[in-house]
Amino acid sequence: MIEPQQQIFVRPLVVDLHVTTTERQKAIWPFPDVDILKMTVQDLENLKINALYLTAQKLDADVIVAPTFDVRTVKKGLEITVIGFPAKYENWKVAEKEEDYKWIEQVYGTRYKYNVVNPTQSLGGNQAKNSDAVK
């Protein structure tokens with residue numbers, strides 16, 4: 001018995017990224033409740049992500065382009081400074097042009113195509129095996 005395969009393909013979206021200022025912006029975020037003696041590397045990464053989010057909110061941006069971080073211990077906890085360019089996404093559209101797909105291929109090193117690997121599998125000498133087989 002051969003079963004038909006069903007797949008769903010979603011055309012990729014492309015969007016323009018508009019940097020809203022020509023000057024880098026700076027935001028400083030205190031984290032006074034942090035115990036630096038008990039922090040892990042992952043804890044610090046999470047705080048940097050939180051500071052990045054807060055900076056985007058403060059600057060009314062979707063993303064901060066090329067962010068840099070200055071992490072300092074202060075009298076109580078940490079202080080994280082985020083410096084970068086605020087930007088917004090504009091002009092969302094479904095990729096339709098050949099040039100859209102070209103850069104997607106260049107950036108990700110892949111093509112959007114369906115690749116059938118092996119639609120049928122042998123059950124070892126064409127014999128079905130089940131729990132009633134001789135052991």
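Remember, predicted model here, so these are calculated numbers, not experimental data. (Residues numbered from 1 in each chain as written. Predicted model: local features only at pLDDT ≥ 70, side-chain atom pairs only at ≥ 80, totals over all residues. Heavy atoms only, no water.)

Chemist: I tried to follow the pattern of salt bridges on my own but got confused; where do I start?
Modeler: Between side chains of opposite charge, pairing is possible as soon as their charged atoms come close. With the rule as written, the count across this model stands at 4 salt bridges. For Asp60, the salt bridge identified is with Lys88, shortest N-O distance 3.2 Å. Of this pair, Asp60 sits in the loop between α1 (41-58) and β3 (63-73) while Lys88 sits in strand β4 (residues 78-94), and the two are 28 residues apart along the sequence. Where Asp70 meets Arg72, a salt bridge forms, and the shortest distance between an N and an O atom there is 2.6 Å. You can call Asp70 partly exposed: its relative accessible area is 28%. Note on Arg72: relative accessible area 48%, which makes it partly exposed. (Salt bridge = Lys/Arg side-chain N within 4 Å of Asp/Glu carboxyl O. Helix = DSSP H or I, 4+ residues; strand = E, 2+ residues; numbered from the N terminus. Buried < 20%, exposed > 50% of the residue type's maximum accessible area, 1.4 Å probe, protein only.)

Chemist: Would you mind showing me how to read the nonpolar core here?
Modeler: In summary, soluble globular proteins display a tendency toward joint burial of nonpolar side chains. Core analysis: the largest hydrophobic core is formed by 9 residues, namely Ala27, Trp29, Phe31, Val34, Leu47, Ala51, Leu78, Ile80 and Val82. In this structure, Trp29 is in contact with Ala51, Leu54, Thr55, Lys58, Leu78, Glu79, Ile80 and Val82, ignoring residues within four places of it in sequence. (Core = buried A, V, L, I, M, F, W, Y, C linked by side-chain atoms within 4.5 Å. Contact = heavy atoms within 4.5 Å.)

Chemist: I'm lost on the pairing of β3 in this one. Help?
Modeler: It is a general feature of regular strands that their side chains alternate between the two faces of the sheet. Looking at chain direction, β3 and β4 are connected through 9 bridges and run antiparallel. Residue pairing across strands places Asp70 opposite Thr81, the latter belonging to β4. Joining the antiparallel neighbours β3 and β4 is a turn of 4 residues, in which Gly77 adopts a positive phi near 90°. (Pairing = 2+ DSSP bridges.)

Chemist: Got a minute to help me understand α1 in this structure?
Modeler: The α-helix winds at 3.6 residues per turn, so residues separated by three or four positions along the chain end up facing the same way. For α1, with 18 residues, the first-to-last C-alpha span of 26 Å sits near the 26 Å given by 1.5 Å per residue. Of all the residues in α1, the buried ones are Leu47, Lys48, Ala51, Thr55 and Ala56. Buried residues belonging to α1 abut β2 (25-31), β3 and β4. Among the residues trailing α1, Asp60 stands out with phi positive, at a value near 55°. (Expected span 1.5 Å × (residues − 1).)

Chemist: Looking at this model, I keep getting lost on a nonpolar patch on the surface. Mind explaining?
Modeler: Together, Leu13, Leu17, Tyr89 and Trp92 line one region of the surface with nonpolar side chains, adding up to about 430 Å² of accessible area. Elements represented by at least two residues in the nonpolar patch include exactly β1 (13-19) and β4. Within the secondary structure layout, Trp92 lies in strand β4. By relative accessible area, Trp92 is classed as exposed at 53%. (Patch = residues over 30% accessible without salt bridge, like charges linked within 9 Å, V, L, I, M, F, W, Y side chains within 5 Å. Areas by Shrake-Rupley, 256 points an atom, 1.4 Å probe, with all protein chains shown as cover.)

Chemist: Can you help me understand unusual backbone geometry in this one?
Modeler: As a rule of thumb, non-glycine residues mostly have phi less than zero, and peptide bonds are mostly trans rather than cis. Of note, the phi angle at Ala66 is positive, near 50°, even though the residue is not glycine. Along the polypeptide, Ala66 turns up in strand β3.

Chemist: I'm lost on the environment of Thr81 in this one. Help?
Modeler: Structurally, Thr81 is set in strand β4. Taking the C-alpha atoms as reference points, Thr81 and Trp29, 52 residues apart in sequence, are found 6.2 Å from one another. Setting aside chain neighbours within four positions, we find Thr81 in contact with Lys26, Ala27, Ile28, Thr68, Phe69 and Asp70.

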